[in-house]
Amino acid sequence: MYTAFFGFGENPFNLTPDPRYLFLSRYHREALEHLLYGINERKGFIAITGGIGTGKTTLCRALLEHLDPNIQSALVFSSFISEQEILQTVNQEFGIEMDPEASSRKDYVDALNAFLLKNFRNGGNALLLIDEAQNLSRTVLEQIRMLSNLETEKEKLLQVVLVGQSELKGLLGTAALRQLNERITVRYDLGPLDEADLRGYVHHRLTVAGGKGDVSFSNGALKAVYAYSKGNPRRINAVCDRALLIAFTGEKRVISKRMLKDAIRDLRGRSDAPRADRRSWLFHLRGPAGRWVAATAVLLVGILVAGFLGWYPGGILKDIFSKTNANEVSLPSFSSPAVSSRPDNPDTTMFLNDTASLAGLFRPFERETGAVPDHSEGDYLGLVSFNVPPEYFPLFKRPFRVVVDTPPGSGSPPRYLLITETGYDRAVALDKEGTRHELTRAFVFSHWGGTVSFVYPHNSVFQTLSRGMKGEDVLRIQRLLERAGYIVEQTAVYDQQTVQAVTRFQKEFGLKADGIIGPRTMALMFQMADPGDELHS
């Protein structure tokens, strides 16, 4: 609108990440130097983090223009992607032609490895650059870590740059991603512009847009820009664009402090407009009608909760807690002395049948009488099952059983590992005699069948947690999500950030991704919470 009036060839404060507009402040220059060093020296993994709007994407685009011609590059800008899709995208970006019958992850990794080896033999290097990496799931990040195994005896064949918001640092610091975090040898956290850089930044963008010096910002205007933006490039662009529009409507070529204040007022008026009350209509009901609806909702939830949770049939519980069955079935003890063992034989006695593994799971809830369940954490006990990738096992804080992977078509009954303790690279399982066996991470991965079951104490009526709710229950959920590496603040308010974190949690574990904590979501969170958190319905 105002470009012709000021003599610009284009909008100088457009928000698109055009590398021509990258202003190399002290921080951006250092970040670019870190990137070039890590890539040229074949350091493997590089992480660049920074707040929203600090210019990370623009820096990525500029990096590509500084690369040597012998460096092949692949860019991934869509970070909501699966393990299979990340491999497909990488191969497509590198121009690798795949066999039409290729379908497995191994097919894609083998093709990528062949390409990288050929590229290396020809004196080349390869770069995989992933933007918005904070949105990647843990399984995808684990798949990316595995790509670092593509190497020669002396050199890394692939350099991986993870670029993301500041939350990426917290995500990489979680226990589940410890191995990836340890492989990152070059890091840089991109900060906002200094006040001294602001004048150069604004002048640089005006010049690149084709300005001839006919328009300028007064010293007072620049001070107002910095006070509003705190050096954040995106906010600088937004307020300067609005100020130029105000100057254009007044046919002025010098942007004054007053114009900047008007621009800031416009922006704040748009962003701070009162939001409509988005709470559920149920919260607006009062009097007898409200009580009737609430009572009906509670009754319906009570009726349906068992169906949602998929409780194990009550008959097996009766069998497990009966004295007769206790004499017939070995019940593993959770207080047996540790035996240091790292078994490699798949026929070990640790593999339990259905009845013995269930008995071991329910044993901690049985009182000394040997017949009455201990309901100290809830009125009822239920057995819940989930399909979970093996890399998540260190997050489980309570005993669970996992079905052992068996060859297809073997026809043998399912067997289970009864795991009572977990660490990042270890686990402890009980055999039918109650003897503890320490397992390596590799052993757990190689026998992991996917279906995990555990005991969940619950009450007869479940209270769903959803947006707008407040209190200690919400705060506990936020603490758990934060420890697990999700982006959320501990406010005790179920806000939009919490909804997004819960939705992402649900997606990663194959739950209904609605951002609402229902019975199954709560059951899984209970398994991942520290015992002292008292996270149960």
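Residues numbered from 1 in each chain as written. Predicted model: local features only at pLDDT ≥ 70, side-chain atom pairs only at ≥ 80, totals over all residues. Heavy atoms only, no water.

Enquirer: Residues and numbers for the packing of aromatic side chains, please.
Expert: The tally for this structure, following the rule as stated, stands at 15 aromatic pairs. Centroid distance F5 to F248: 5.5 Å. Interplanar angle 70°. Geometry classified as edge-to-face. Placement of the pair is F5 in helix 1 (residues 3–6) and F248 in helix 11 (residues 233–249), with a sequence separation of 243 residues. Residue class for F5 comes out partly exposed when judged on its relative accessible area of 23%. Ring centres 6.4 Å apart and planes at 80° place the aromatic pair F13 and F217 in the edge-to-face group. Taken as a pair, F13 in the loop between helix 1 and helix 2 (26–40) and F217 in strand 6 (residues 216–217) lie far apart in primary sequence, 204 residues in all. Residue F13 shares its accessibility class with F217, and that shared class is buried. An aromatic cluster is built from F386, F393, F396, F400, F445, W448 and F454, whose rings are joined through pairwise contacts. (Phe/Tyr/Trp six-rings, centres within 6.5 Å; stacked < 30°, edge-to-face > 60°. Helix = DSSP H or I, 4+ residues; strand = E, 2+ residues; numbered from the N terminus. Buried < 20%, exposed > 50% of the residue type's maximum accessible area, 1.4 Å probe, protein only.)

Enquirer: Go over the packing of helix 9 (residues 195–208) against helix 11 with me, naming the residues and quoting the values.
Expert: Relative placement of two packed helices is described by the angle separating their axes and the distance separating the axes. For the pair helix 9 and helix 11, interaxial distance at closest approach is 12 Å and the crossing angle is 60°. In this view, helix 9 runs oblique relative to helix 11, as classed from their interaxial angle. Crossing handedness for the pair helix 9 and helix 11: right-handed. Facing helix 9, whose interface residues are L198, Y201, V202 and R205, helix 11 presents P233, I236, N237 and C240. Considering only residue class, the contact of helix 9 with helix 11 consists of six nonpolar, one polar and one charged. (Axes fitted to C-alpha atoms, helices over the stretch in contact; angles between N-to-C directions. Parallel < 35°, antiparallel > 145°, perpendicular 65-115°, else oblique. Left-handed = near helix turned anticlockwise from the far one by under 90°. Contact = heavy atoms within 4.5 Å. Nonpolar A, V, L, I, M, F, W, Y, C, P; charged D, E, K, R; others polar.)

Enquirer: With reference to specific residues and values, describe the packing of helix 2 against helix 3 (residues 56–66).
Expert: Close contact between helix 2 and helix 3 brings their axes to 11 Å; oriented N to C, the two are set at 50°. With respect to helix 3, the axis of helix 2 lies oblique. Both helix 2 and helix 3 take part in a crossing whose hand is right-handed. For the pair formed by helix 2 and helix 3, the contact residues are H28, A31, L32, L35, L36 and I39 on the first element and L59, L63 and H66 on the second. Here the contact of helix 2 with helix 3 is built from residues that sort into seven nonpolar, two polar and no charged.

Enquirer: Tell me about the pattern of salt bridges, residues and numbers included.
Expert: Under the defined criterion, the tally for this structure stands at 17 salt bridges. By sharing partners, the salt bridges in this structure join E421, R426, R436 and E438 into a single network. (Salt bridge = Lys/Arg side-chain N within 4 Å of Asp/Glu carboxyl O.)

Enquirer: Any details on helix 9? Residues and values, ideally.
Expert: Owing to its 3.6 residues per turn, the α-helix aligns residues three or four sequence positions apart on the same side. For helix 9, built from 14 residues, the straight-helix expectation of 20 Å at 1.5 Å per residue is met to within 8% by its first-to-last C-alpha distance of 21 Å. Those residues of helix 9 that fall on the buried side of the exposure criterion are D197, L198, Y201, V202, R205 and L206. Along its buried surface, helix 9 packs onto helix 2, strand 6, helix 10 (219–229) and helix 11. Following helix 9 by one or two positions, G210 adopts a phi angle in the positive range, close to 105°. (Expected span 1.5 Å × (residues − 1).)

Enquirer: Please provide a residue-by-residue account of the nonpolar core, values included.
Expert: Counting residues in hydrophobic clusters, the biggest one holds 47 residues, and the most contacted among them are F400, L417, L481, F505, F509 and L524. Looking at which element gives the most residues to this core, the answer is helix 20 (residues 519–528), with six residues. In this structure, A74, I144, L150 and L172 belong to the second largest nonpolar core, which totals 34 residues. (Core = buried A, V, L, I, M, F, W, Y, C linked by side-chain atoms within 4.5 Å.)

Enquirer: How would you explain the sheet that holds strand 5 (residues 184–190) if you had to name every residue and give the values?
Expert: Strands sit in the order 2-3-4-1-5 across an open sheet of five strands; the sheet is parallel. Of all the strands in the sheet, just strand 2 (71–76) and strand 5 have a single pairing partner and so form its edges. Across the sheet, the mean angle separating the axes of adjacent strands is 15° when strand polarity is ignored. Relative to strand 5, strand 1 (residues 45–50) is paired through six bridges, and the arrangement is parallel. Bridge pairing in strand 5 places I48 opposite Y188. (Pairing = 2+ DSSP bridges.)

Enquirer: How would you summarise the environment of L141 if you had to cite specific residues and measurements?
Expert: Among the structural elements, L141 can be located in helix 6 (residues 138–147). In the structure, L141 is positioned 21 residues away from L162 in sequence and 9.9 Å away in space, judged by C-alpha atoms. Sequence-distant contacts of L141, that is, excluding residues within four places in its chain, are made with L136, L171, L177 and L180.

Enquirer: Summarise the environment of L150; cite the residues concerned and give the values.
Expert: Mapping L150 onto the fold places it in the loop between helix 6 and strand 4 (159–165). Classification of L150 as buried rests on a relative accessible area of 11%. Linking L150 and L112, residues 38 residues apart in sequence, is a C-alpha distance of 8.8 Å. Sequence-distant contacts of L150, that is, excluding residues within four places in its chain, are made with V109, L112, N113, L116, K156, L157 and L158.

Enquirer: Residue-level account of the pairing of strand 4, with values.
Expert: In regular strands, side chains alternate between the two faces of the sheet. In terms of burial, strand 4 is a largely internal element, seven of the seven residues being buried. Relative to strand 4, strand 1 runs parallel, the two being bridged by six bridges. Opposite I46, over in strand 4, you have V161 as the bridge partner. Across four bridges, the pairing between strand 3 (residues 125–130) and strand 4 is parallel. Bridging from a neighbouring strand, L128 pairs with V160 of strand 4. Taken together, strand 3, helix 6 and strand 4 form a β-α-β motif whose crossover is right-handed. (Right-handed = clockwise from strand over helix to strand, strands pointing away.)

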